[in-house]
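# Breakdown of the fold
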Amino acid sequence: MTLALLLDIVSWLLLSAGGVFVFIGGLGALRMPDLYTRMHAASVTDTIGPALIIIGIILQAGLTLASVKLVAILLFLLVTGPTASNALASASLLAGNRPEFAKALSEEERQ
Amino acid sequence: MYYAVTFALIITMGLALARAIIGPSVYDRVLAMNMFGTKTVLLLAVMAFILGRPDFLDLALIYALINFIGVLAVLEFFQDRASRREEENEVES
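Residues numbered from 1 in each chain as written. Chains lettered and ligands numbered in written order. Predicted model: local features only at pLDDT ≥ 70, side-chain atom pairs only at ≥ 80, totals over all residues.

### Regarding the overall build of chain B
Of regular secondary structure, chain B possesses three helices and zero strands. When its helices and strands are written in sequence order, chain B yields α-α-α. By the compact-globule yardstick of 12 Å for 93 residues, chain B is too spread out, its C-alpha radius of gyration being 18 Å. Burial analysis of chain B (93 residues in total) assigns 35% to the buried set. Of all intrachain contacts in chain B linking residues separated by at least 6 positions in sequence, the fraction that spans at least 24 positions is 43%. (Helix = DSSP H or I, 4+ residues; strand = E, 2+ residues; numbered from the N terminus. Rg over C-alpha atoms; globule rule 2.2 N^0.38 Å. Buried ≥ 20, exposed ≤ 12 C-beta atoms within 10 Å, placed from the backbone. Contact = placed C-beta atoms within 7 Å.)

The structure is reproduced here in structure tokens:
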């Protein structure tokens, strides 16, 4: 009984923390000034958000087939999220978009 | 508690869609759609437990695969286009 209650509390904490992180990441992706800072904010929703939410759900599901599928989803998201971010950043850099801070630095050097 | 997470996920999907609509570059839109896809996977996983139908987890897994492949394909396309444009500029100059 107490163990079930403890599991419930821990999973609720994980789920709400995941929701908060996901929301913060979404807010950052909307409000940040340029593409690379936006990616920095969006990567929060690609890594720690899914990790917290899916571990929270796993604690609710227990040892079932659903947990195995959730672990597969989590591992897949943790591998592909950074890969997609890396591909996006390199594609954007190759296309000639430079980060804002790099522009500011090169202007300072010119002066 | 699932409903709170669902609410946060839907709000975040709305924010990602707003970023996808206002752009300004195509890479911002790709980033927003990647975020939107990840949130969809999470939403499917949470909905599976709200509705009590674990079949949705299969959909979430497949959606994660398709989302990843789709983002990489779109990026490859735009990277190819950007490099081709550079070559054309070099030929012209």
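That covers the picture; the talk isn't over yet.
### A few points about the interface of chain B and chain A
On the chain A side, the residues contacting the 39 residues of chain B number 39 residues. The element that contributes the greatest number of residues to the side of chain B that touches chain A is helix H2 (residues 26–51) of chain B, accounting for 14 residues. Of the residues in the side of chain B that touches chain A, the class split is 30 nonpolar, six polar and three charged. (Nonpolar A, V, L, I, M, F, W, Y, C, P; charged D, E, K, R; others polar.)

### Thoughts on the nonpolar core
By size, the foremost hydrophobic cluster in this structure holds 47 residues, and its most contacted members are A:Leu70, A:Ile73 and B:Ala45. Taken together, the elements giving at least two residues each to this core come down to helix H1 (2–31), helix H2 (35–46), helix H3 (48–61) and helix H4 (65–94) of chain A together with helix H1 (2–22), H2 and helix H3 (56–92) of chain B. With sequence-adjacent residues up to four places away left out, A:Leu70 is seen in contact with A:Ile54, A:Ile57, A:Ile58, A:Ala61, B:Ala45 and B:Leu57. (Core = buried A, V, L, I, M, F, W, Y, C linked by C-beta atoms within 7 Å.)

### Considerations on H4(A)
Here H4(A) is 30 residues long and its end C-alpha atoms lie 43 Å apart, about the 44 Å a rise of 1.5 Å per residue gives. Of the positions making up H4(A), those classed as buried are A:Ala66, A:Lys69, A:Leu70, A:Ile73, A:Leu74, A:Leu77, A:Thr80, A:Gly81, A:Ala84, A:Leu88, A:Ala91 and A:Ser92. Buried residues belonging to H4(A) abut H2 and H3 of chain A together with H2 and H3 of chain B. One or two steps after H4(A), the chain reaches A:Gly96, where phi turns positive at roughly 100 degrees. (Expected span 1.5 Å × (residues − 1).)

### Some thoughts on the packing of H1(A) against H3(A)
Residue and element names in this part refer to chain A. Across the interface, H1 lies against H3 with an axial gap of 8 Å and an inter-helix angle of 155 degrees. One way to sum up the angle between H1 and H3 is to call them roughly antiparallel. Judged by the twist between their axes, the crossing of H1 over H3 is left-handed. Along the contact surface, H1 presents Leu7, Val10, Ser11, Leu14, Leu15, Ala17, Gly18, Phe21, Val22 and Gly25, while H3 presents Ile48, Gly49, Leu52, Ile53, Ile55, Gly56, Leu59 and Gln60. Partitioning the contact of H1 with H3 into residue classes produces twelve nonpolar, six polar and no charged. (Axes fitted to C-alpha atoms, helices over the stretch in contact; angles between N-to-C directions. Parallel < 35°, antiparallel > 145°, perpendicular 65-115°, else oblique. Left-handed = near helix turned anticlockwise from the far one by under 90°.)

### Topic: the confidence of the model for chain A
In the predicted model, chain A carries a mean pLDDT of 86, and 99% of its residues have values of at least 70. Looking at the elements of chain A, mean pLDDT is at its lowest for helix H5 (residues 100–110) of chain A, recorded as 75, and at its highest for H3(A), recorded as 90. (pLDDT = per-residue confidence, 0-100.)

### Concerning the environment of A:Arg98
Residues and elements named next belong to chain A. Within the secondary structure, Arg98 sits in the loop between H4 and H5. According to the C-beta neighbour criterion, Arg98 is partly exposed, with 14 such atoms within 10 Å. C-alpha of Arg98 to C-alpha of Leu35: the two residues are 63 residues apart in sequence and 9.1 Å apart in space.

### Quick word on the environment of B:Thr40
Residues and elements named next belong to chain B. By the secondary structure assignment, Thr40 is in helix H2. Classification of Thr40 as partly exposed rests on a count of 18 C-beta atoms within 10 Å. Spatially, the C-alpha atoms of Thr40 and Ala60 are 7.7 Å apart, while their sequence positions differ by 20 residues.

### Some remarks on the packing of H1(B) against H2(B)
Residues and elements named next belong to chain B. Running from N to C, H1 and H2 point in directions that differ by 160 degrees, and their axes come no closer than 9 Å. The angle between H1 and H2 places the two elements in the roughly antiparallel class. Here H1 runs over H2; the crossing is left-handed. Here H1 contributes Tyr2, Val5, Thr6, Leu9, Thr12, Met13, Ala16, Leu17, Arg19 and Ala20 to the contact with H2, which in turn contributes Asp28, Arg29, Ala32, Met33, Met35, Phe36, Lys39, Leu42, Leu43, Val46, Phe49 and Ile50. Classifying every residue of the contact of H1 with H2 by side-chain character gives 16 nonpolar, two polar and four charged.

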